Every structure is written in C-alpha cells, then in structure tokens.
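One letter stands for each residue in the lines below.
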Amino acid sequence: MAASTTALPSTETFWADAERHLVRYGGEFTREIIDRAAGSFLFTADGRKILDFTSGQMSAILGHSHPEIVATVQRQVATLDHLYSGMLSRPVVDLARRLADTLPAPMEKALLLTTGAESNEAAIRMAKLVTGRHEIVSFARSWHGMTQAAASATYSAGRKGYGPGAPGNFAIPVPNVYRPDFTAADGSLDWRRQLDFAFDLIDAQSTGSLAACLVEPILSSGGIIEPPAGYFAALQDKCKERGMLLILDEAQTGLCRTGTWYAFERDGVVPDILTLSKTLGAGLPLAAVVTSAEIEQEAYERGFLFFTTHVADPLVAAVGNTVLDVLTDDKLDERARSLGVFLRQGLADIAGRHEVVGDIRGRGLLAGLELVVDRETKQSSDELGARVTRRCLQLGLHMNIVQLPGMGGVFRIAPPLTATEDELSLGLTILDEAIGDACAVL
C-alpha cells in the first residue's frame, strides 16, 4: 500500500478544529502543538525544543519514550494487550508480587487499575465495605481525582456547580509550615494542636460512621506541602482511636520520586491501604490499590466489587514491571536523592537573587517554589505567577504553577528521575531568567 500523501493541516486549521471539537476540561490549552517527546524534552510541530519540568502530568518518571518502555510496549501489544476482566496473565501476577516486595508487611495484595482517581475510588469503596461505615476525612487542599468518591474527597478544586458530593466527607486543615494557622510561642506551626482541633471538629460532625482518612504524604495540587515529621504517625493514631483506615495516595510521591521508594517511609508508618498511579506507569495509564491480606479477605467476604473494563490489563502491567526493573537497576531512588539536593541548591540560589521567592520545599525530585510579592507579609500575586509561567515557556521550559486562595503561586517542579544535572541546570537558568524578566515589569 502506498504511503499517504495527505498533508498535515495547517497550524490555523489545527487550532480551529481544537476550538470547534474539543471539550475544555480545565483551564486553557498550551498554545503549542506537541509533535514528539524524548527523554526530558518535548518537541513542537514548529521545531521548538521544550524542557519538561513536570514529567508530563507528573507521571513520566523515566522520561519520555524510554527505550525499555518502548520495547516492552512493542513486544506486549503484539502478543497480549487486553483481556476479559476475569482473566489473568503473567504480567499482572508478576507486578502484584513485585509491588508487594517493595513494601513493608503486611502490604501484599494488589488491585491493578488505570488512573489515580480510579484507584482512590476503589480504595474508598473497599474501606467503606470493610468498616461498614461511610465517612471520609481528607486534607482541605487535597486532590484525589474527579470521579464521585474521589472528587468528594478533593477540596483544592472542582467542588462548585455539580450538586451534592458523597455524604459524610470532611476536611481537615493542612499542616503548612510556611503559612501556619496554629502557632507555638516562637511563631512556628503547632501541628499537634492543629491536629487535635481538627479531630475535635470531625468528632463533632461525625454521625459515628468514620471509615477512613485519605491523604497525600506531600500535597501536590495543594502547593507541594509536606507535613512535618511525626505528623502522619499522629494522624494514624487518630485513625486507630476511631476505628478508621488510613489510606495514603502516593500518585506523585511513590516509586522513588522523593528519594525513597515511598514517601511514607520517612515517617515510619504503614498505611492500611496504599494507592499508586501516575509514576507506576511512567506515563501510561496504570494504577494500583495495595492492602493487607486481612483487609482484602474481609472485603472479599463482604462481596467487594470493582469490575472495570481495564482492571488487570496485561499491556500496562508489563510496562509496570519494566518500570520496576529500571528503578531498581538504575538505582533511581538514590539518583532522586542526589539530584534533589542539586535541584534544591539551585532553587536556593535563585531565591538569593529574587525577593519574590518566598519559600522552597519538597523532597527529592518533587520540589515547590512559592512566589510572593512581599516576603514579610507573604502576600501572593496570581499575575506574577502567570507571568513567570508564560516567560518560562517562551524561553523553552514547561512549568506548572498552582494558584490557590490564600497562597502564592507555587511552582510544582517534577523533572524525570532520568534527568541529568545539565538538564536541571538548564531549567534553573531559564527559571532564573523568567523570574527576573517578570519582575522587571512589576
């Protein structure tokens, strides 16, 4: 068959078609036509090269088009790609076993799904069934997904205009060290008093049906906020006192990004249920719910149902196995720690040159940089953040900024774990220039 000679539509036609036919699902589309991607870079249809400091949607931890991922997809799609949901394949069982091997006891049972929202949906459903209760607690700056139960536990965006959420969802304040609400005598965050107050309010509102607490170890869409050491152990105690399960959502922090395989390792806690997504598929749609044999058995005996079209699909499970291979063989947990130090120092240097940098936070290769108009008052400016973001893109760096009420613009910086020091240096140089250019017109 002869190759097609059909010309690609013009840029003007592309954007006209996009405007006419695409549903807009959150903000404006970036006005670049992305043609391909490789490693840490995106390449546009008009030949521009853009450094990707967000790993796609915070997911491509091995960079784009990693050769081992490409080989796995090509091999697996040619042999076994999709099955009836009640059938099993070797890649699925292998991935479940290998995930258990990366986790502390008693985490050994896995359910393989597609997205973070779906994994949180399944975890909440499991927690409600096992406990016989329905109330869910999560952080007031949380993002757990846009499906019903996950969206009802999401407070950073998307709550207005859709009618009532699931009943029995409660928010607790985020322990934000940079913007403390409960303070000790020295002005620092008194997170223990904050947590006690939060659960006093939960207890007052609860109908006695508290099922689970669903939280991220580091809030990403909430502004890269990392609760202080000791917080999660205390939170787990609050849950145990009330017979609640602790669900940790490690969509963005899991699988080496923070310098350890899982972010919860820092705190010495083991969740009752763990959800993984973005990083597990390294850019492909793969997610997991992992729990103990005891919880899984109870759920099974009570008739747990989460039968979806793409549950336990072999193609993405094979990709997940390759992700684990690369993370292990290339020691990417160690790499994330060392590159994280390099990145943090570069951000500190930028802060030393620009007064608008109010705070730097995060862990490993998940970093946050908060912009403020005034370091003393911590006054924020949406316009400043938008201006820096635009200038970064013009200079060849894709950055993502979170704008939340009462907070400054917070850049979420999450380059691939495969990035080089030279690539990080390039990104830091562009960010430095973009902040300087944006401030020059304030």
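Preceding block: the structure.
Please read these numbers as outputs of a predicted model, since none were measured by experiment.

A.B. asks: Whenever I open this one, the overall build of the chain confuses me. Can you help?
C.D. replies: When its secondary structure is counted, the chain shows 13 helices and 15 strands. Relative to a compact globule of 442 residues, whose C-alpha radius of gyration would be 22 Å, the chain shows 22 Å and is just as compact. With the C-alpha coordinates of the chain rotated into their principal frame, the extents come out at 70 × 55 × 45 Å. A fraction of 72% describes how many contacts in the chain between residues 6 or more apart in sequence connect residues 24 or more apart. When the accessible surface of the chain is split by element, carbon and sulfur atoms take 53% of a total near 20100 Å².

A.B. asks: Can you help me understand the pairing of strand β5 (residues 135-139) in this one?
C.D. replies: The side chains of a regular strand alternate, first on one face of the sheet and then on the other. In terms of burial, β5 is a largely internal element, five of the five residues being buried. In the sheet, β5 pairs with strand β7 (residues 210-215) via three bridges, with the strands oriented parallel. From the neighbouring strand, E135 faces β7, where its bridge partner is L210. Pairing between β5 and strand β6 (residues 169-172): four bridges, direction parallel.

A.B. asks: Would you take a moment to explain the packing of aromatic side chains for this structure?
C.D. replies: Aromatic rings considered in pairs are described by the distance between their centres and by the relative angle of their planes. Within the structure shown, the criterion is met by nine aromatic pairs. With 6.0 Å between their ring centres and 40° between their planes, F139 and Y231 make a pair best called tilted. Taken as a pair, F139 in strand β5 and Y231 in helix α8 (residues 231-241) lie far apart in primary sequence, 92 residues in all. Residue classification places Y231 among the buried residues on the basis of a relative accessible area of 1%. Lying over the aromatic face of F43, R36 brings its terminal NZ or CZ to 4.0 Å of the ring centre.

A.B. asks: Just checking my understanding: could you explain the packing of helix α7 (residues 191-205) against α8 for this structure?
C.D. replies: Pairs of packed helices are described in terms of their axes, by the angle between the two and the distance that separates them. α8 packs onto α7 with a crossing angle of 25° between their chain directions and a minimal axis gap of 11 Å. Viewed along their axes, α7 and α8 adopt a mutual orientation that is roughly parallel. Judged by the twist between their axes, the crossing of α7 over α8 is right-handed. Taken together, the residues of α8 that come into contact with α7 (itself represented by W191, R192, Q194, L195, D196 and F199) are Y231, A234, L235 and K238. Partitioned by chemical class, the residues of the contact of α7 with α8 number six nonpolar, one polar and three charged.

A.B. asks: How should I be thinking about the packing of helix α5 (residues 116-131) against helix α9 (residues 293-301) in this particular structure?
C.D. replies: Axis separation between α5 and α9 bottoms out at 9 Å; the angle between their running directions is 75°. On the basis of the axis angle, α5 is roughly perpendicular to α9. Within the contact between the two elements, α5 uses M126, L129 and V130 and α9 uses I295, E298 and A299. In terms of residue class, the contact of α5 with α9 is built from five nonpolar, no polar and one charged.

A.B. asks: What exactly am I supposed to notice about helix α12 (residues 382-395) here?
C.D. replies: The α-helix winds at 3.6 residues per turn, so residues separated by three or four positions along the chain end up facing the same way. Between its first and last C-alpha atoms α12 spans 20 Å; for 14 residues at 1.5 Å apiece the expected length is 20 Å, and the two agree. Buried residues along α12 sit against β3 (49-52), β12 (366-371), β13 (397-398), β14 (400-402), β15 (409-413) and α13 (421-440). After α12 finishes, the residue G396 shows a positive phi value of roughly 100°.

A.B. asks: Looking at this structure, I do not really get the layout of surface pockets. What am I missing?
C.D. replies: Space left empty within the atom packing is revealed by a probe, the size of a water molecule, rolled over the atoms. For the second largest pocket, the calculated volume is near 640 Å³. Lining the second largest pocket are 24 residues, with A110, L111, E296, F304 and V311 positioned closest to its centre. Going through the elements one at a time, α4 (90-101), β4 (107-113), β10 (287-292) and α9 are the ones with two or more residues in the lining of the second largest pocket. The dominant element in the lining of the second largest pocket, judged by the number of residues it contributes, is β4, at five residues. In the lining of the second largest pocket, the residues fall into 17 nonpolar, three polar and four charged.

A.B. asks: Sorry, what's going on with the sheet that holds β15 here?
C.D. replies: The strands making up a sheet associate through hydrogen bonds between their backbones, and the pairing can be parallel or antiparallel. Spatial strand order, β11-β12-β15-β14: four strands in an open sheet with antiparallel pairing. Of all the strands in the sheet, just β11 (357-363) and β14 have a single pairing partner and so form its edges. The sheet shows a mean angle of 25° between the axes of neighbouring strands, taken without regard to direction. Taken together, the three bridges between β14 and β15 define a ladder with antiparallel strand orientation. Across the sheet, residue V402 finds its bridge partner in β15, namely V410. Against the sheet, helix α11 (residues 332-353) touches β11, β12 and β15, its axis set at about 175° to β11.

A.B. asks: Mind showing me how you'd approach α13 here?
C.D. replies: Helix length check: α13, at 20 residues, gives a terminal C-alpha distance of 28 Å against a target of 28 Å (1.5 Å per residue), a fit within 8%. Within the span of α13, buried status applies to E423, L424, G427, L428, I430, L431, D432, A434, I435 and A438.

A.B. asks: Explanation requested: the pattern of salt bridges in the structure shown.
C.D. replies: Side chains that differ in sign of charge can pair as their charged atoms come close. Tallied over the full model, the rule gives 20 salt bridges. The partner of K109 in a salt bridge is E296, with the nearest N and O atoms 3.6 Å apart. Of this pair, K109 sits in strand β4 while E296 sits in helix α9, and the two are 187 residues apart along the sequence. The class of K109 is partly exposed, set by a relative accessible area of 36%. Between D190 and R193 there is a salt bridge, with its nearest N and O atoms 3.3 Å apart. Residue classification places R193 among the partly exposed positions, given a relative accessible area of 40%. By sharing partners, the salt bridges in this structure join R179, D359, R361 and E370 into a single network.

Here is what the cut-offs are and how they apply
- Residues numbered from 1 in each chain as written.
- Predicted model: local features only at pLDDT ≥ 70, side-chain atom pairs only at ≥ 80, totals over all residues.
- Heavy atoms only, no water.
- Helix = DSSP H or I, 4+ residues; strand = E, 2+ residues; numbered from the N terminus.
- Rg over C-alpha atoms; globule rule 2.2 N^0.38 Å.
- Contact = heavy atoms within 4.5 Å.
- Areas by Shrake-Rupley, 256 points an atom, 1.4 Å probe, with all protein chains shown as cover.
- Buried < 20%, exposed > 50% of the residue type's maximum accessible area, 1.4 Å probe, protein only.
- Pairing = 2+ DSSP bridges.
- Phe/Tyr/Trp six-rings, centres within 6.5 Å; stacked < 30°, edge-to-face > 60°.
- Lys NZ or Arg CZ within 6 Å of the ring centre and 35° of its normal.
- Axes fitted to C-alpha atoms, helices over the stretch in contact; angles between N-to-C directions.
- Parallel < 35°, antiparallel > 145°, perpendicular 65-115°, else oblique.
- Left-handed = near helix turned anticlockwise from the far one by under 90°.
- Nonpolar A, V, L, I, M, F, W, Y, C, P; charged D, E, K, R; others polar.
- Expected span 1.5 Å × (residues − 1).
- 1 Å grid on protein atoms, 1.4 Å probe; cavity = no way out; pocket = protein on both sides within 12 Å on 5 of 7 lines; lining within 4 Å.
- Points joined across faces, edges and corners; volume = space filled by probe spheres on them.
- Salt bridge = Lys/Arg side-chain N within 4 Å of Asp/Glu carboxyl O.

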